[in-house]
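Spelled out, the chains give:
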Amino acid sequence: MSSRILRKLDQTTLKSIANSSSRDEITGKSRKPYVDALNFDIQEAAAKYLVQNLKKPQLEAAVAILNIDHGDNNPNNKMVLCKRLRESLVDTGIKEWLNNCQDHSVVQQIGKALSIRGFSTMGIRVLKKTIEQELDIIGTQIVFNSLTLSTLKTCCEDLNIANYEHATSKNQLLQALTLGVDLPEPQKTRRRGTRKPKFAEIDDCETYDQLFQYYKVDELVSWCKDNGLKTSGAKRIVINRILAYHAGDKENTMADPTRVNRSKAKKEKPTKVTKKQDDEEMTDANEDESESESREQSEEVADENQVEESESVAMDLSGSDESEAPKPLENCTIAVYRSISTPTSELTALIERNGGTFFADKTISKAVTHIVCAEKHLGSDKIALLKKKGIKVVTEDFFQNLEA
């Protein structure tokens, strides 16, 4: 088998393969030195593979028929036995070594080590021929496996093996070389197209792909606003929220009704006053001052008559003024940091009773003015960051004092 391959290879390819090993560079105009060098490499690789797969009793039996003087070496050492048998196989040649072996049990043990099917029932001549061919294939594969993929393709080209250019692994090329068969034609893989989901209105969408494929994030957010859902988050979060809402989860998807978005009052820019406008305003002020002096004199008499009446009315309105006094938490939006001992329902009622708004969303926004946290969290970095943003941090004692 190796002779068939080496006979068909181009001389340039032979030279490249022969000089790829660590030996000295081989030169010559004929093919013979390159073929002899490769045959030696194949024989050596096959012998090394064989002795590595033989067990110690098998090695002892194979070396015993050689009548070798081990000298100072230990004849029972496996490494010594492997070296002696390999040297004998390489020096004599595997084919001649097998022909000279008259011990049938040794030949059968070699067939067993090589996993040859039916070695125990084969005739001795057939078994020797089978072992020789098997070791020739193994040695050739070992030698050619050290070559690059491009060199193996060049070998296949010299041997006229079809479809070698489509191979992507060395194992495919080695099988084709050693067995002398063509490589199968590459099969065209059909690319499956992705099937688009069926279009549906947002109210009727049942899958993630329907919402993702046909609707932009602005359209989804607009639908959430119209239906009272939360609108924060990326597109995937909004889609999952809508699907959860369709599934009946209104507790986690609906926007908090107690949340109030307080827009900051716009600061009025001071208007520039010209000198002419300033003079006109001074003239108007002098006229108003003279008119107010005359008006005050006429009203002094009426004021004296109404003193007693106003005092009595003030006494009656004192009680109503107290009832209309501003509540302590008016214009305050209060959120809870992590967890506290006071139940959420009780804290919400207490805040609303004192004119405040309870912020139930976990993400703290700019609308929050106060944060309630446990005393153990007062020193955390998160609380320090909230303080820098101007949010007041209080504990549960704040509300107890408020009720008191």
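Residues numbered from 1 in each chain as written. Predicted model: local features only at pLDDT ≥ 70, side-chain atom pairs only at ≥ 80, totals over all residues. Heavy atoms only, no water.

1. Some thoughts on the overall build of the chain
This is how the line gets drawn: Numbering goes from the N terminus for both helices and strands, where a helix is a DSSP run of H or I of at least four residues and a strand is a run of E of at least two. Under the scheme applied here, a residue whose accessible area is under 20% of the maximum for its type counts as buried, over 50% as exposed, and between as partly exposed, the area being computed with a 1.4 Å probe on protein chains only. In what follows, a contact means two residues having at least one pair of non-hydrogen atoms within 4.5 Å. Here the accessible surface of atoms and residues is derived via Shrake-Rupley with a 1.4 Å probe, and residues count as covered only by protein chains that are part of the display.
A count of helical and extended segments in the chain gives 18 helices and four strands. Across the 404 residues in the chain, those meeting the buried criterion constitute 30%. Considering only contacts in the chain between residues 6 or more positions apart, those separated by 24 or more positions represent 50%. Carbon and sulfur atoms provide 47% of the accessible area of the chain, an area that totals close to 27900 Å².

2. Digging into the pattern of salt bridges
We apply this condition: Any Lys or Arg side-chain nitrogen found within 4 Å of a carboxyl oxygen on Asp or Glu counts as a salt bridge.
On inspection of all chains with the given rule, the structure shows two salt bridges. One salt bridge in this structure joins Asp-36 and Lys-32, with 2.8 Å as the shortest N-O distance. With Asp-36 and Lys-32 both in helix H3 (residues 32–53) and four residues apart, this pair spans about one turn of that helix. The class for Lys-32 is exposed, based on a relative accessible area of 56%.

3. Overview of unusual backbone geometry
Positive phi, close to 55°, is recorded for Asn-67, a residue that is not glycine. As for its position among the elements, Asn-67 is in the loop between helix H4 (56–64) and helix H5 (78–92). Backbone geometry places Asn-160, a non-glycine residue, at a positive phi of 60°. Assignment of secondary structure puts Asn-160 in the loop between helix H9 (149–158) and helix H10 (170–179). Residue Asn-160 is classed as exposed on the basis of its relative accessible area of 66%.

4. Here we look at the sheet that holds strand S2 (residues 357–358)
This is how it is decided: Two strands qualify as a pair provided that DSSP identifies no fewer than 2 bridges between them.
Across the sheet, which stays open at both edges, the four strands sit in the order S2-S1-S3-S4 with parallel pairing between neighbours. Edge positions in the sheet fall to S2 and strand S4 (392–394), since each has one partner strand and no second. Bridge count for strand S1 (residues 333–336) against S2 is two bridges, and the pairing is parallel. From the neighbouring strand, Thr-333 faces S2, where its bridge partner is Thr-357.

5. Observations regarding the packing of aromatic side chains
This is how the line gets drawn: What counts as a ring pair is set by centres within 6.5 Å for rings of Phe, Tyr and Trp (its six-membered ring), and what kind of pair is set by the plane angle: stacked under 30 degrees, edge-to-face over 60, tilted for all other angles.
For the structure on display, the rule yields four aromatic pairs. An angle of 25° between the planes, with centres 6.0 Å apart, marks the rings of Phe-199 and Tyr-215 as stacked. Pair noted here: Phe-199 is in the loop between H10 and helix H11 (208–214) and Tyr-215 is in the loop between H11 and helix H12 (217–226), with a separation of 16 residues, a long-range link. Seen from their ring centres, Tyr-208 and Phe-212 are 5.9 Å apart, and the 15° between their planes marks the pair as stacked. Taken together, the positions of Tyr-208 and Phe-212, both in helix H11 and four residues apart, correspond to about one turn of that helix.

6. As for the environment of Glu-44
By secondary structure assignment, the location of Glu-44 is in helix H3. In this structure Glu-44 comes out as partly exposed when scored by relative accessible area, which is 37%. Separated by 95 residues in the primary sequence, Glu-44 and Gly-139 have C-alpha atoms spaced 7.5 Å apart.

7. Some points on the packing of H12 against helix H13 (residues 235–246)
The line we're drawing: Convention adopted: a line fitted to C-alpha atoms gives each axis, helices being fitted over their contacting stretch, and angles between N-to-C directions are expressed from 0 to 180 degrees. In this scheme, roughly parallel covers angles under 35 degrees and roughly antiparallel covers those over 145, while 65 to 115 is roughly perpendicular and the rest are oblique. In this scheme, a crossing is called left-handed if the near helix is turned counterclockwise away from the far one by less than a right angle; it is called right-handed if the turn is clockwise. Three classes are used, and their members are as follows: Ala, Val, Leu, Ile, Met, Phe, Trp, Tyr, Cys and Pro are nonpolar, Asp, Glu, Lys and Arg are charged, and the others, Gly among them, are polar.
Their axes nearest at 10 Å, the elements H12 and H13 cross at an angle of 40°. The angle between H12 and H13 falls in the class oblique. The handedness of the crossing between H12 and H13 comes out as left-handed. When H12 is examined against H13, the residues Val-217, Leu-220, Val-221, Trp-223 and Cys-224 are found in contact with a partner set consisting of Lys-235, Val-238, Ile-239, Ile-242, Tyr-245 and His-246. Broken down by class, the residue content of the contact of H12 with H13 amounts to nine nonpolar, one polar and one charged.

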